[in-house]
Amino acid sequence: MANKLIKPIKKALAAKYGYKNVNVKNGRGTAWGWVEAKIKVKKPEQCHCGENNLIGYCDYCKSDNERHKIRAEAEIIATQAIQKENLSFYTYCSDDGYNTERNNFLLRVEYI
């Protein structure tokens, strides 16, 4: 049985970022209901990750607000896409003592 959240999210994110730049799948095993999305966007000119044998993020990416903006925008696009289909993310409650309910949606933004 396929996760019915995948197609509307993939379609909506692909419309914004390009079909080949978006990967959306569901988790495996007990994390089956989780939706995992990866978006590839053009690397900013200020980014120097991977240059000069740099391990980890460069100074620009450590304080990168652009990646956070893209992530926030993509989360809104994905949420609106599934709401349009009258669906919602599966949720879980954390063990933080406050019964915090969270969406099972993971989103990663990668520079290419």
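Everything below is about the structure printed above this text.
Presented here is a report on the structure given in the accompanying data block. (Residues numbered from 1 in each chain as written. Predicted model: local features only at pLDDT ≥ 70, side-chain atom pairs only at ≥ 80, totals over all residues. Heavy atoms only, no water.)

## Brief notes about unusual backbone geometry
Cut-off, in case you're wondering: Only DSSP runs of H or I with at least four residues qualify as helices, and only runs of E with at least two residues qualify as strands; both kinds are numbered from the N terminus onward.
Phi at Asn 86 takes a positive value of approximately 60°, unusual for a residue other than glycine. With respect to the helices, strands and loops of the structure, Asn 86 is situated in the loop between α3 (65–84) and β3 (91–93).

## A few points about the packing of aromatic side chains
By convention here, two paired aromatic rings are described through the distance between centres and the angle between planes. For the record, the criterion: Pairing of aromatic rings covers Phe, Tyr and Trp, the last through its six-membered ring, and needs centres within 6.5 Å; plane angles under 30 degrees mean stacked, over 60 mean edge-to-face, and all others mean tilted. As a reminder, the over-ring test applies to NZ of lysine and CZ of arginine, requiring each to be within 6 Å of the ring centre and within 35 degrees of the ring normal.
If you walk through the whole model with that rule in mind, you get three aromatic pairs. Over the aromatic face of Tyr 19 sits the side chain of Lys 10, whose NZ or CZ is 4.1 Å from the ring centroid. Its end group placed over the ring of Tyr 111, Arg 67 keeps NZ or CZ at 4.2 Å from the ring centre.

## A word on helix α1 (residues 6–17)
Short version of the rule: In a helix, the anticipated span is given by 1.5 Å times the number of residues less one. Type-normalised accessible area, obtained with a 1.4 Å probe on protein chains alone, sets the label of each residue: buried when under 20%, exposed when over 50%, and partly exposed for intermediate values. Residue contacts are counted whenever heavy atoms from the two residues lie within 4.5 Å of one another.
Given a rise of 1.5 Å per residue, twelve residues ought to cover 16 Å, and the 16 Å separating the end C-alpha atoms of α1 matches this to within 8%. Those residues of α1 that fall on the buried side of the exposure criterion are Ile 6, Pro 8, Ile 9, Lys 10, Leu 13, Ala 14 and Tyr 17. Tucked into the core, α1 has its buried residues touching β1 (22–26), β2 (35–41), α3 and β5 (105–111). Once α1 ends, the next one or two residues include Gly 18, with phi positive near 95°.

## Structural notes on the layout of surface pockets
Worth spelling out the cut-off: Cavity: a set of points on a 1 Å grid over the protein atoms alone where a 1.4 Å probe fits but cannot get out. Pocket: an open set with protein on both sides within 12 Å along at least five of seven lines, its lining residues, like those of a cavity, having an atom within 4 Å of a point. Grid points are joined across faces, edges and corners, and a volume is the space filled by probe spheres set on the points. In this count, Pro and Cys sit with the nonpolar residues alongside Ala, Val, Leu, Ile, Met, Phe, Trp and Tyr, while Asp, Glu, Lys and Arg are called charged and the others, Gly among them, polar.
For the largest pocket, the calculated volume is near 150 Å³. Taken together, the residues of the lining of the largest pocket sort by class into three nonpolar, one polar and three charged.

## A closer look at the sheet that holds β5
The strands making up a sheet associate through hydrogen bonds between their backbones, and the pairing can be parallel or antiparallel. Defined as follows: Here, any two strands with at least 2 DSSP bridges between them count as paired. Only C-alpha atoms enter the line fits that serve as axes; for helices the fit covers just the stretch in contact. Angles between N-to-C directions range over 0 to 180 degrees.
The strand order across the open sheet built from three strands is β1-β2-β5, with neighbouring strands paired in mixed fashion. This sheet does not close on itself; its edge strands, each paired only once, are β1 and β5. Ignoring which end each strand starts from, the neighbouring axes of this sheet average 15° apart. Where β2 lies against β5, seven bridges are found, and the strand directions are parallel. Counted as the bridge partner of Ala 37 is Leu 107 from β5.

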